[in-house]
Structures are given as structure tokens and as C-alpha cells.
Amino acid sequence: MNTHKNSEIQTVEIQTKSAVDLTQNPTALSSSSNSPLPDSAIVVHTFFSQNKNLEDLQEFQLLAKSANVEILSVITTSRTTPQAKYFVGQGKAEEIAQAVEQLNADIVLVNHSLTPAQTRNLESICKCRVVDRTGLILDIFAQRARSHEGKLQVELAQLKHLATRLVRRKTGLDQQKGTVGLRGPGETQLETDRRLIKVRIAQLQNRLEKVAKQRNQNRQTRQKADIPTISLVGYTNAGKSTLFNTLTQANVYAADQLFATLDPTLRRLQIQDVGTCVLADTVGFIRELPHDLVSAFKSTLQETTEASLLLHVIDAADSRKLENILAVNEVLTEIKANQVPTLLIYNKIDQLENVQPHIEVDEENKPIAVYLSAQLNQGLDLLFEAIRQRLSHEILHLEIKLEAQQGKIRHHLYQLNCVQQEQISEQGEFLLNIHIDKIGWLKLSKQFPLLQSFYQSPKTDEI
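For clarity, every value in this text was computed on a predicted model and none was experimentally measured.

Calculation criteria
Residues numbered from 1 in each chain as written. Predicted model: local features only at pLDDT ≥ 70, side-chain atom pairs only at ≥ 80, totals over all residues. Heavy atoms only, no water. Helix = DSSP H or I, 4+ residues; strand = E, 2+ residues; numbered from the N terminus. Buried < 20%, exposed > 50% of the residue type's maximum accessible area, 1.4 Å probe, protein only. Contact = heavy atoms within 4.5 Å. Areas by Shrake-Rupley, 256 points an atom, 1.4 Å probe, with all protein chains shown as cover. Phe/Tyr/Trp six-rings, centres within 6.5 Å; stacked < 30°, edge-to-face > 60°. Salt bridge = Lys/Arg side-chain N within 4 Å of Asp/Glu carboxyl O. Axes fitted to C-alpha atoms, helices over the stretch in contact; angles between N-to-C directions. Parallel < 35°, antiparallel > 145°, perpendicular 65-115°, else oblique. Nonpolar A, V, L, I, M, F, W, Y, C, P; charged D, E, K, R; others polar. Core = buried A, V, L, I, M, F, W, Y, C linked by side-chain atoms within 4.5 Å.

(A) Looking closely at the overall build of the chain. Scanning the chain from terminus to terminus reveals 15 helices and 14 strands. Sorting the 463 residues of the chain into buried and exposed places 46% on the buried side. When contacts within the chain are restricted to residue pairs at least 6 apart in sequence, those whose partners lie at least 24 apart make up 69%. Here the chain has roughly 24,500 Å² of accessible surface; of this, 48% comes from carbon and sulfur atoms.

Encoded structure:
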């Protein structure tokens, strides 16, 4: 009788365990966060065109080093299309498995996005962990996150990625009732894991919504005080944090590695003829940035979408700078920040020959690009001058007439504190005399197209 009771107690204790432990931040390279020794890896890259682009492979190797991974060997192959089972061919998969066994590698890193089935099939043949490009980027973010918000965002992105990759584990942890009439398979461990992940994702989203509200309140306070926000954006390792530290005398972590900075940092900045500004250092972008990361970092990236000016920092010494610019612009379009006025900052000119700090202007003599070196403090005075010219906007003096039912527009104008005089006509119409910043007016016109008839700008596409 006692033996039967003891067995029931053991069953209950076993059922409290789970194949998915949500108390810790799950990472693709879990051993790298617990052990000082780096993971040893085999890197796999597939070329899908006749022109073998080695720079993609070199960037992936930099990602691996940023994740504290020691690369033992690099295996490349060429295909016209990915194979359904292994992504690479059967023979190449066996070659990878042989290399893992000979070199005693801990992990296989694949420089592509794998389906859950392809990942499982490669793990089965290689008998070790297989992490694709998305998993590697998520792991770097998990290592870099320092703030509470950053950790929540990374965990949310990782759980969304993990939710599609759960597999049935032979753990013997399936739920069973021990009473008459209720015996049976019950809830499988896979179903339990899915439910736990779903609950945890909901909890994280609720917490991040509260953080987003707080950020929005701070942003609205700055907007009411007419404090413009300048946001640094750019490809990872372009020198954003170095430039941020130089401009604000902050000591944000800056290093020659991918995704050195993750958590956003805001500092006050004084600019002549503009006054107090807020400079924001944001996370860097990269090609094929995981969509889960973009959605998880929505509140952080909101600082970019609501900025008065974007400083797009570009590594001028990078041979792929044009491709990097396009990659950043794609992410800006995805987060709907492509309409924010942008000033290009070509950094690291000290690594180029015969390039001096200077400002490029358009046909209207408006600054569009600045060439400088943040590391050597060259050209910073030109940057301040360009920012001053871009933020010293033209003030529009307009007279507009609103119908009585258009009180929402009138309310927005009063919120912007731009109404100088108001009269009401005999027909009940509002006759408003307003002084408003041109940039603010064009943004308001996009929100209320009716206002476009009161002022026609030939350059509406710049906002």
C-alpha cells in the first residue's frame, strides 16, 4: 500500500517538469551563456548564384564571433534551389556530419533561414545542435540585452521563433489521470509546452504594452515642450554608438563587433539656433533582420518613427555600403519610418584616402550628407551645422477655414499651439490664423488630407 502511494507521489513530481523551461531566457547557443569556453562550430553557407558573394559569408562569420563562437571549419556548396529535406544536398549533409564528428564540433551554424523540418533533419544526421541565421541573431541579442525592456523584447522574439520549432521529446512526461474513468493519454508534453509558450508570450506582450505606454508618455511630453528628437539609425557596426558617445560625452558600450549596442539610449543635446534636442541611439540593422525581432522591438523602434530627424550612419569604408543603405531603408519602410527626414552620415572617412570632412547639399542648398570620422573627432562641427540647418524649418503663416463638424482638426491645431487668432463666421465656420512649422504642417496634412488644399508644397515627398 505504501509502495503504491510512493509511486503516485513520484508521478506527480515528474509531471511538474517540462521539456521547455520558461524560467530562463532560452538561447540557441545556451552553453555560451553558462560556460566561459566558447562553442566550437561548423559554418555552412550555400551559394545560389554563379557569382559567389563571399562578403555574405564573411558577415556571417563576424556574427558567429560576436556570439562568442569558435569557428572550426567553413563548408560551402552551390545549388540552384534549397533541398527540401536538408536545405543542402544529401551528400553535403553527410559531409557536414563527418566534419562534426572529426572536429568534435558542438554546433552547426547555417547562414540561411531553415524550416523546422530541415533543422530537425540536420540535427538528426549531425547529432548536434543546428542553428540558422535567425537563431544566431536572436542569441546575440539575448547576450547583449541589459535593460529590463530589452530582455523582455528578446525573450518575446525567441519564444515566437521557438513556438514553430517544438518537437515531441521522449521524456515520458505526458499527463495522465490516475483515477477510474479518467485514465488515458491526457495532454501530451508537446501540447503542454505549446500552452506554456502561448501563456508566456501573452504575459510578455502585456508587459511590453505597459512599457510602450510609458515611452509614449515621455515622447508626448517632449513633443509638448517642442523638444525635437534626433535618432541614430544605420547598419550594425557602422559607428553609431561611437558617434553617440562623441556627441553627448556618454559612455555607451562601443566595440568593433556586430550588435555591440542593443538597448536604446537617450541623451540631451544642445544645438545652436535649435536649443535642446534629444539624441537617441538605437539597435543596428542587418540584412534579413528576423521579423520576430522587428515586431518585438516595436516600442523601441517607435523612437525612430516619431523622430524629427534621422541620422543614417554609414560605414564609408565598407565596400558594400550601398547594399547596407538599401537594407536599412527596407527596415525603415517596414517600421513606417521611411517618411521621416533623413541626413546621411558617412562615418570612418579616416580609413579612406583623399576624403576630407565636408557637407553635401542638394539643389536647394539643404544638407543631405555629412562626411566625418567619429573616432578621430573630425567633421563634428559640420555635423552640428547640418543638423542646425535641417531642424531650423520654415514657418508657414496660413489662414484656414474649418466647418463646424471638423472640430477634430481644430483640436489638433490647438494641441500644436500654433493658433494665433480665431474667429467664427455667421455660418458657424472656424476662421483660424496659424503659424506652424512646415514639417509639422506636412505631417498634419498627411493625417488630414483636407488641409492639403490650404498649402501646396512642391517637396511633400521629403516628409
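From this point, things continue past the structure.
(B) Spatial organisation of the packing of aromatic side chains. Overall, the coordinates contain two aromatic pairs when judged by the stated rule. Ring geometry for F48 and F87: centres 5.8 Å apart, planes at 90°, overall edge-to-face. Here F87 lies in the loop between β2 (69-78) and α4 (90-103) and F48 lies in the loop between β1 (39-47) and α3 (54-66), a separation of 39 residues in the sequence. With relative accessibility at 35%, the residue F48 sits in the partly exposed group.

(C) Here's a closer look at the pattern of salt bridges. Across all of its chains, the model carries 10 salt bridges by this definition. R320 is the partner of D56 in a salt bridge, and the nearest nitrogen-oxygen pair spans 2.9 Å. In this pair, D56 sits in helix α3 while R320 sits in the loop between β8 (309-315) and α12 (321-334), placing the two residues 264 residues apart along the sequence. What makes D56 partly exposed here is its relative accessible area of 25%. A single network of salt bridges, built from pairs that share partners, joins E55, D56, R320 and E323.

(D) The packing of helix α9 (residues 240-248) against helix α13 (residues 380-391), seen in detail. One can describe the packing of α9 onto α13 by two numbers: an axis separation of 12 Å at closest approach and a directional angle of 85°. Classified by the angle between their axes, α9 and α13 sit roughly perpendicular to one another. In this structure, α9 uses L243, T246 and L247 to contact α13, whose residues at the interface are L380, L383 and F384. Here the residues of the contact of α9 with α13 are counted per class, giving five nonpolar, one polar and no charged.

(E) Focus on the nonpolar core. Among the nonpolar cores identified, the biggest contains 38 residues, and L63, L109, L136, F285, L289, L293 and L332 are the most heavily contacted of them. Secondary-structure elements contributing two or more residues to this core are β1, α3, β3 (107-110), α6 (133-144), α7 (148-163), α10 (291-296) and α12. The element contributing the most residues to this core is α6, with six residues. The next biggest cluster of nonpolar side chains, apart from the first, holds 23 residues, and it includes F244, C277, L279 and A386.

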